[in-house]
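Residues per chain are reported as follows:
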Amino acid sequence: MLADLPILSLITFSPLLGILVLLLLPKHRSRWLKVTAITATIIPLLLSLWLYADYDGTKGGKSYEEKATWIETSLNKEAVGEVTSYTVNFQYHMGVDGLSMPLLLLTTIVGVMAALASVHVKKRWKSFYIWFLLLEIGMIGVFLARDVFLFFVFFELTLIPMFFLIGIWGFMNREKAANKFLLYNGIGSAIMLIAFVVLVATAGFSVEQLSDKQQINLSYSGSYEVISSNLTDPGSYVNMPADQNQGQDNPLYLSERMRWVIFLLLLIAFGIKLPVFPFHTWMLQVHAEAPPSVVMIHSGVLLKMGAYGLLRFGIFMFPGVAQDWAVALAILGVINILYGAVLALVQNEFKLVLAYSSISHMGIVLLGIASFNEVGLNGALIQMISHGFISALLFLVVGSLYERTGSTELKDLGGLACSMPFMSGILLAAGMASLGLPGLSGFIGEFLSLLGLFGSMKVITGIAVLGVILTAVYVLRSILGITFGAMPERFGAVRDVRLIEAVPMITLLAFIVLIGVYPAVLTEPMKHGFDVLLQQLTEKAGR
Amino acid sequence: MDTTFSQWAWLIPLFPFAAFLMLLAFGRGQRMLGVTLGAASSFAGLVLSILVLIEHMTDGTAYYQYAFKWLHFGSVTLNAGFEVTNLTAIMLVVVTSVSFLVNVYSAGYMKDDERISVFFSYVALFSFSMLGLVLADNMLTLYIFWELVGVCSFLLVGFWYSKPEAKAAAKKAFIVTRIGDAGLLLGILLLYWYMPDHALDFVRIGNVFEGNTGVIAAGVTTWIAVLIFIGAVGKSGQFPLHVWLPDAMEGPTPISALIHAATMVAAGVYLVARTFDIFQASQTAMDIVAYVGGFTAIFAATIGVAQNDIKRILAYSTVSQLGYMMMALGLNSLTGGIFHLFTHAFFKALLFLGAGSVIHAVHTQNIHEMGGLGSKMRITTWTFAIGALALSGIPPFSGFWSKDMILHTALQEKPFLFVIGVAAAFFTAFYMSRLFFLVFMGKPKGDHAHESPSSMTIPLVVLAVLAVVAGFIQTPWNDTLGTWLTDGAEKAHGGGGLVMVISAAVGLLGLYLGWLVFVKGTIARDAVSSRAPWLVRLLERKYYMDELYEMLLVRPLRGLGLLLNLIDDYVVDGIVRAVGGTAVLFGRGGTRLQSGQIQTYGLVTLLGIVILIAAIVGRRFW
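Just so it is clear, the structure is predicted and the values come from calculations on it, not from any experiment. (Residues numbered from 1 in each chain as written. Chains lettered and ligands numbered in written order. Predicted model: local features only at pLDDT ≥ 70, side-chain atom pairs only at ≥ 80, totals over all residues. Heavy atoms only, no water.)

## Structural notes on the domain arrangement of chain A
You'll often see interface size given as the accessible area lost when the parts meet. Residue and element names in this part refer to chain A. Each assigned domain of chain A is listed with its residue range as follows: domain 1 (2-62 + 93-199 + 256-533) and domain 2 (63-92 + 204-244). On a C-alpha basis, the centres of domain 1 and domain 2 stand 36 Å from each other. Contacts between the two partners involve 30 residues from domain 1 and, on the opposite side, 20 residues from domain 2. For the domain 1 and domain 2 pair, buried surface summed over both sides reaches about 2,300 Å², with 58% attributable to carbon and sulfur atoms. (Domains from an automatic or database assignment. Contact = heavy atoms within 4.5 Å. Buried area = accessible area lost by both parts, 1.4 Å probe.)

Here you go:
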């Protein structure tokens, strides 16, 4: 039933419906605009939940795939000899697997919650929500695209809305932050594009022999499948130093050194997004300056695009090279963890504490990836999802907090548990999830990543575990600083959360608890997500 | 596996958990709901625990274990489950009985607090976590509950969150124990990768390590044991991670009795006992456990002598007694450690609840501001006296028997630790008599004190009875507990009259000295402080441990943070800004080039052609 529908396209583009309605609405009717936008984010959520219910981790997502020719450019005018066609083609190819399924859910859930949290937006609702919905299309597309060019388009589609969302609706230094965001991510995209072009021009080349054996189609394709199968197939052109027939240098050949270079390019491109030290400074400003509901998306989902890209292209396509980089990746991860944690310790602005905390937590993802074993890779993916929910929840609270106190500077805050027990409770719970308390999602990702890495690198894991202690220190310092202690007079009249704020808080916390207590909700769909990769890794190890 | 009650043991933690959920959902503004649910759920747990214990006592082979796949993907499976052994059965009774009594007591003690239902919900969550910890059948499940009890402890220490001291104490409790937890976590990681089939359950851990079969290399075994012990050090307030426990006294007093005396702080001892096979496989680890325990026992006992806050004296006493338990385990006496855990749970809970009753009456915690309460609070005084005698190791109270067993083992295994233990016993008796005489004897310092309500005194009486009789399950002539716990491997030591005499004499001597100083006045109170003020100061300042941590850890870490912050701002981001600036500069340069002057364009074009030609020609030679 579900397989007959173009479900993936429906999920991706359903927010467009909201955009159309928004365009027709008068721009001063904030209530209508908000309701429309929230509804427009609920549709992809419901659809992706439906997909989740239907999805079987053991079978994978083959049956949902959608393929259509999108861009096809012929490189020769007429048929030459037996070569009938010689083309570059990019397909509209959407698919879902164990890697993208959890991230799709994360995106659609956080999307709704962020739309709800956007009730605090005070101006230009119409354009805000249009950008917001465009951003959501981009994010979903990134996780579902199965063609590098399509991926790139969706990836870029997230940049522009984000630029405006930061630049127009942010805090004091919003324009500077928006510029830095665009500049940095633009560089990242450019590097990514170079890597993609090289990939398409080498590994993307394939020869298709038509049935009557007299005709051959040559094509450069951007499809993940084509690229990765060519990269792993020892008989493909990309793996042959010299042309078999003519004995000439093979222009399609990717030497080991070239693979290193491409991997490095991908690592930098996605490392900026992740972010990996020392490419993190842009995201500090985004965390501090963007409106909190946009940061929910940014910290909750956009950072995961970095980790996802690194996994999907860096690791899945170059498992051998990546494994050579394992120690470097682990060290980068440890640096992220400790550097982020130590810096979070001395920040006076709560949003910056959370920003550095994100750096620290994304370091755990790197650790999981660097383990190159089943436990760690799964841990990395769970950590991505978990951090998405936790940071979304934290910034949801930040938004509500700022509404009431007019500041998120730690020195201005204190004793809020007295006037806002509910919100303080949620904040404390989110903090506990962030520091990896068992029973909440943060623990699963952290534990599995460390467990996995310990299997391959013991000493580095030992150092990384120090992060567990430091996290507790900065989380408690900041959150107790806000909620505990004597309450200043001026907060006496501050009211606790409204229903519209409480609903997303409880929902996000519910997911955090659900994953923490019953991790099967995540591990079921992703069960075989890493099978191919792991098989390749063992084969390489065995050769 | 055929058991009547043990198979239902999983219900024991679920009673308080249900209470917690109900309080979370409906607790707001319902003052009585917390009291009712707290008492009812813990009573249900107590009844079932007693049934389970009886089953295990009548049938020595009773055992039940159940596990399910908790985390499962590909070829990886991590289980969760519960297991009822003799050790868990006795711990269940300890936890549920103290928990029930504390719930009843709190109904009186917390009566006027406006967040009473929050209090009871935290206590219920704690009981759930603690019982889960006790029942856990593998290291991972245990670790999960281990962390949860830590959080509950944190929440309850910081219960009066608007007090800055409570905030600081809660934070400290969490962070310091977290240091230990990091060790335990690493221990589990090691176990996972070295155990056959990645098994983490205690049964297979026992099988692998028992008898030192060599499946796991000796070095690795020591590492695992030591890392697990680091976790126990954090939780059970052993030196040098003991610093959080005295500060945790900022929490409500019933909590000090339940969490910071009887149950959670004993979890470290329980953990070592649960993984005893690993420790037994490594003599190095055993020695570390024994010496850390022995040192903690004497170290904390001496600090206890110079403290003035009634709860802090008891807290240091707890640290010291936990040291005894660890020492016993390190001396290869599982029975000794668990026996002392068992008796200590009752008499220390009694002492804390008694102290709570006193604080409730006089509204101060400074023992120098108290006095003469004996005549006004008869039940509190008598029960407190029983607790103090039990703690001081005076026969025939329970503490005497368990301490005697530890000292006897120490004399046989490591005479040096025996001396330490005896000295600590002397200090224990001395600070208890100081405490007792200053609080309950002498002149009253205020006349508003009155006996506490019966909801508070009844638990005191029950605990006092237990503090008297609990010791008889294991005496030199009767090895019920030892045989039952260790399946006959550890027998009663029989005789050992000398140790008993020394132990009782030292206790009495300590009490007598206290009496001479604080009642009779034969020895001036400032006898020591006038001769060696530095010594008293050293003890009052707790050997400057907090200051040491501040200097060695807190400040350097903060300094590092500030330094890195500057680097992040000026170097890491500075480079980025420089790169960005260069790009802008190029852009500006580019703008200037598009001046519209055809001559300039021509020049640049020419230059370009020259470079191109040079490149092409140069390529030939290259």
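## A word on the nonpolar core
Of all hydrophobic cores here, the largest spans 439 residues; its most connected members are Phe 151, Phe 196, Met 432, Phe 447 and Leu 448 of chain A together with Met 139 and Phe 209 of chain B. Leave out the neighbours within four places in its chain, and Met 432 of chain A touches Leu 437, Leu 440 and Leu 476 of chain A together with Val 151, Phe 154 and Phe 174 of chain B. (Core = buried A, V, L, I, M, F, W, Y, C linked by side-chain atoms within 4.5 Å. Buried < 20%, exposed > 50% of the residue type's maximum accessible area, 1.4 Å probe, protein only.)

## Things to note about empty space enclosed by the protein
All names here are of chain A. Enumeration according to the criterion identifies 10 cavities of 30 Å³ or more in this entry. Its volume calculated, the largest cavity comes out at about 70 Å³. Breaking the lining of the largest cavity down by element, the ones donating at least two residues are α13 (350-371), α17 (441-456) and α18 (458-483). The dominant element in the lining of the largest cavity, judged by the number of residues it contributes, is α18, at 4 residues. The class makeup of the residues in the lining of the largest cavity is 5 nonpolar, 4 polar and 1 charged. (1 Å grid on protein atoms, 1.4 Å probe; cavity = no way out; pocket = protein on both sides within 12 Å on 5 of 7 lines; lining within 4 Å. Points joined across faces, edges and corners; volume = space filled by probe spheres on them. Helix = DSSP H or I, 4+ residues; strand = E, 2+ residues; numbered from the N terminus. Nonpolar A, V, L, I, M, F, W, Y, C, P; charged D, E, K, R; others polar.)

## Re the packing of aromatic side chains
Residue and element names in this part refer to chain B. According to the stated counting rule, one finds 60 aromatic pairs over all chains in the structure shown. Here Phe 17 and Phe 128 contribute two aromatic rings whose centre-to-centre distance is 4.3 Å and whose plane-to-plane angle is 35°, an arrangement assigned as tilted. Note that Phe 17 is positioned in helix α1 (residues 11-26) and Phe 128 in helix α4 (residues 116-135), a separation of 111 residues in sequence. Judged by centre distance (5.0 Å) and plane angle (65°), the rings of Phe 239 and Phe 299 are edge-to-face. With Phe 239 in the loop between α8 (218-235) and α9 (244-247) and Phe 299 in helix α13 (residues 283-305), this residue pair connects regions lying 60 residues apart in the sequence. Relative accessible area serves as the criterion here: at 26%, Phe 239 is assigned to the partly exposed category. (Phe/Tyr/Trp six-rings, centres within 6.5 Å; stacked < 30°, edge-to-face > 60°.)

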